[in-house]
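Observations on the three-dimensional arrangement
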Amino acid sequence: MINVLPSARSASRRFPVPRLPVAARILIGLVAGLAAGYFAGPENAALPAFGTIGGLWLDALRMPIIPLVFALVLTGLGGGTDVDGSTRSARRAIVAFAGFLLASAVFGVSFGAAMFSDWQVAGLDAVRGGTEKLPPLPPLGDTLRALVPVNPIGSAASGAIVPVVLFALIFAVALRHIDRPRAAAITELFRGVADTLLVIIGWVLLLAPIGVFALAFDVAARSGLAVGALLAWYVLARIIGGIALAAAFVALVGVFGRTPLRAFLRAALPAQSVAFSTQSSLASLPAMLQASRTLGLPERQVGTVLPLAVALFRISAPTAISLAVLALARLNGIDLGLPQIMLVAILAVLNNLVIAGLPNQISFFAAYAPVALAVGVPIDLLPLFLAVDTIPDMFATSANVTADLALATLLTERSAAADEDLAP
């Protein structure tokens, strides 16, 4: 008898079933875990098992964070070459990047303090590990001495992220002062270490839907749907933050730019659309270059500023990191003091610079977890923030692209004006 029905395999080849993106699968795991945990309740016999599964997955995710941060700082700051650093446009751009990124972090911690000040979630003591508040700060002298990485390996083993980052910064600067071939060999070694650790994180993230489901089940069973409501509030804060940043740079063009605001908005719209749909500033670069040509900006200066901006100037990242860490602190019942909030702002700027180019799901943990750990905030619930990151990231990437174009417009206009003044 001849079988006229196609096999399942051949049918799947002819009619391929679309696979859900990783972010969508993680979000499904979050929603399903919150719902299942809510209906299961705190007395469910399966609760310890789900807590163990979530804890194992989270431990696997923690495992590569500290060596990855060290390797990223080293390769990003110690092994890079000066990208047209002798040009006036590049120097002005880098100075502007630093100032605006710091302003973004200050905005993030200020806005986050206002948005999350009244957060209270009952029933999470077991998840929090009993942490209710930070211990009293030691004297300033002891704090400063603790930052010096006397034993970098010991600091890494104990999870003290700030001394590890400081040692990486010092090592990276020193690396620029030795013979270039030897520096290149060391950089290449740690680039391989970073690439390997990123592969490990990628493997762990393959199980993210399961891990996030287990964590969400555990949290919802203990606290009901309160965590879901607070995550929605966090998403709203991120969206407002992205819109505010984009509006601020549009206003800068309107106030200080020579380009008509309507022309800028019309030229920027295609790049913003690409950013919103792809969540990638790099994918938006061709559209940004086309927008600069539409605006008649000098191609030579734009060709320097825009690639630098895509690599280094993600204006929404310090705001997003600050908001997430402050929200995570309140979710854990922790009140951060002014010194911790200042440290959050500084590390948010630094982490924005060393994670450029990483995929979003991987860069999320590389950027957010070290900052939280540095101020004593547990990261057990951080994967829940990743699960709801897709929509905020659309607005954040659109803000990044708007800021890149706005700053390129302002800097190149000023450069062209200076050239005109110097002309005989």
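Note that the structure is predicted; figures quoted are calculated from it, not measured.

**Structural notes on the overall build of the protein**
For the protein, the count of helices and strands is 20 helices and 0 strands. A total of 424 residues make up the protein; the buried ones form 47% of that total. Put simply, 86% of the contacts in the protein that link residues at least 6 apart link residues at least 24 apart. Element-wise, carbon and sulfur atoms account for 68% of the exposed surface of the protein, whose accessible area totals about 20,400 Å².

**Points about the nonpolar core**
Taken as a class, soluble globular proteins show a tendency for nonpolar side chains to be buried jointly. Tyr234 and Leu384 are the most contacted members of the largest nonpolar core, which totals 119 residues. Per-element accounting of this core gives the leading share, 12 residues, to helix α12 (residues 226–256).

**Some words on the pattern of salt bridges**
Two side chains with opposite charge may pair up if their charged atoms get near one another. This structure, assessed with the given rule, holds 3 salt bridges. With a shortest N-O distance of 3.0 Å, Asp389 and Arg238 are connected by a salt bridge. In this pair, Asp389 sits in the loop between α19 (382–387) and α20 (390–422) while Arg238 sits in helix α12, placing the two residues 151 residues apart along the sequence. When sorted by exposure, Asp389 lands in the same class as Arg238, which is buried.

**Here's the deal with the packing of helix α14 (residues 285–294) against helix α15 (residues 299–312)**
Their axes nearest at 11 Å, the elements α14 and α15 cross at an angle of 150 degrees. When the axes of α14 and α15 are compared, the pair comes out roughly antiparallel. In the crossing of α14 with α15, the sense of the turn from one axis to the other is right-handed. For the pair α14 and α15, contact is made by Leu285, Met288, Leu289, Ser292 and Arg293 and by Glu299, Val302, Leu306 and Val310, respectively.

**Here we look at the packing of aromatic side chains**
Tallying each qualifying case throughout the model produces 14 aromatic pairs. Considering the side-chain rings of Phe70 and Phe167, the 5.9 Å spacing of their centres and the 20 degrees angle between planes classify their relative orientation as stacked. Of the two residues, Phe70 sits in helix α4 (residues 65–78) while Phe167 sits in helix α9 (residues 161–175), which places them 97 residues apart along the sequence. For Phe167, a relative accessible area of 28% translates into the label partly exposed. Relative to Phe313, the ring of Phe249 lies with its centre 6.0 Å away and its plane at 70 degrees, an arrangement referred to as edge-to-face. Linking Phe249 in helix α12 with Phe313 in the loop between α15 and α16 (316–331), this pair joins segments that are 64 residues apart in sequence. Note on Phe249: relative accessible area 3%, which makes it buried. Taken together, the aromatic side chains of Phe70, Phe167, Phe171 and Phe190 make up a single cluster linked through ring pairs.

**Here we look at the confidence of the model for the protein**
Of all residues in the protein, 76% have pLDDT values of 70 or greater, and the mean over the chain is 77. In this model residues 1–12 is a low-confidence stretch, pLDDT under 50, and it forms 0 contacts with partners more than four residues away in sequence or in other chains.

**Digging into α14**
Among the residues making up α14, those that are buried are Leu285, Ala287, Met288, Ala291 and Ser292. All buried residues of α14 fall inside an arc of 160 degrees around its axis, so they share one side. Opposite the packed face of α14, turned more than 90 degrees from it, sit the exposed residues Pro286 and Thr294. Looking one or two places after α14, you find Gly296, whose phi comes out positive at around 75 degrees.

**As for a nonpolar patch on the surface**
Among the surface-exposed residues, Ile53, Val199, Trp203, Leu206, Leu207 and Ile210 lie close enough to one another that they form a single nonpolar patch of about 630 Å² accessible area. Ranked by residue count, the leading element in the nonpolar patch is helix α10 (residues 180–206), at 3 residues. Structurally, Ile53 is set in helix α3 (residues 47–62).

**Focus: the side chain of Thr412**
Tracing the sequence through the fold places Thr412 in helix α20. Separated by 2.5 Å, the side chain of Thr412 and the backbone oxygen of Ala408 make a polar contact. Leaving out residues up to four positions away in the same chain, Thr412 has contacts with Leu297, Pro298, Gln301 and Val302.

**Side note on the packing of α12 against α16**
Running from amino to carboxyl end, α12 crosses α16 at an angle of 160 degrees, the nearest separation of the two axes being 10 Å. It follows that α12 is roughly antiparallel to α16 by the angle criterion. Crossing of α12 against α16: the hand is right-handed. Along the contact surface, α12 presents Leu230, Tyr234, Ala237, Arg238 and Leu245, while α16 presents Ser316, Thr319, Ala320, Leu323, Ala324, Ala327 and Leu331. Tallied by class, the residues present in the contact of α12 with α16 amount to 9 nonpolar, 2 polar and 1 charged.

Calculation criteria
Residues numbered from 1 in each chain as written. Predicted model: local features only at pLDDT ≥ 70, side-chain atom pairs only at ≥ 80, totals over all residues. Heavy atoms only, no water. Helix = DSSP H or I, 4+ residues; strand = E, 2+ residues; numbered from the N terminus. Buried < 20%, exposed > 50% of the residue type's maximum accessible area, 1.4 Å probe, protein only. Contact = heavy atoms within 4.5 Å. Areas by Shrake-Rupley, 256 points an atom, 1.4 Å probe, with all protein chains shown as cover. Core = buried A, V, L, I, M, F, W, Y, C linked by side-chain atoms within 4.5 Å. Salt bridge = Lys/Arg side-chain N within 4 Å of Asp/Glu carboxyl O. Axes fitted to C-alpha atoms, helices over the stretch in contact; angles between N-to-C directions. Parallel < 35°, antiparallel > 145°, perpendicular 65-115°, else oblique. Left-handed = near helix turned anticlockwise from the far one by under 90°. Phe/Tyr/Trp six-rings, centres within 6.5 Å; stacked < 30°, edge-to-face > 60°. pLDDT = per-residue confidence, 0-100. Arc of directions from axis to C-beta. Patch = residues over 30% accessible without salt bridge, like charges linked within 9 Å, V, L, I, M, F, W, Y side chains within 5 Å. Polar contact = N/O pair within 3.5 Å; in protein donor to acceptor, adjacent residues only side chain to side chain. Nonpolar A, V, L, I, M, F, W, Y, C, P; charged D, E, K, R; others polar.

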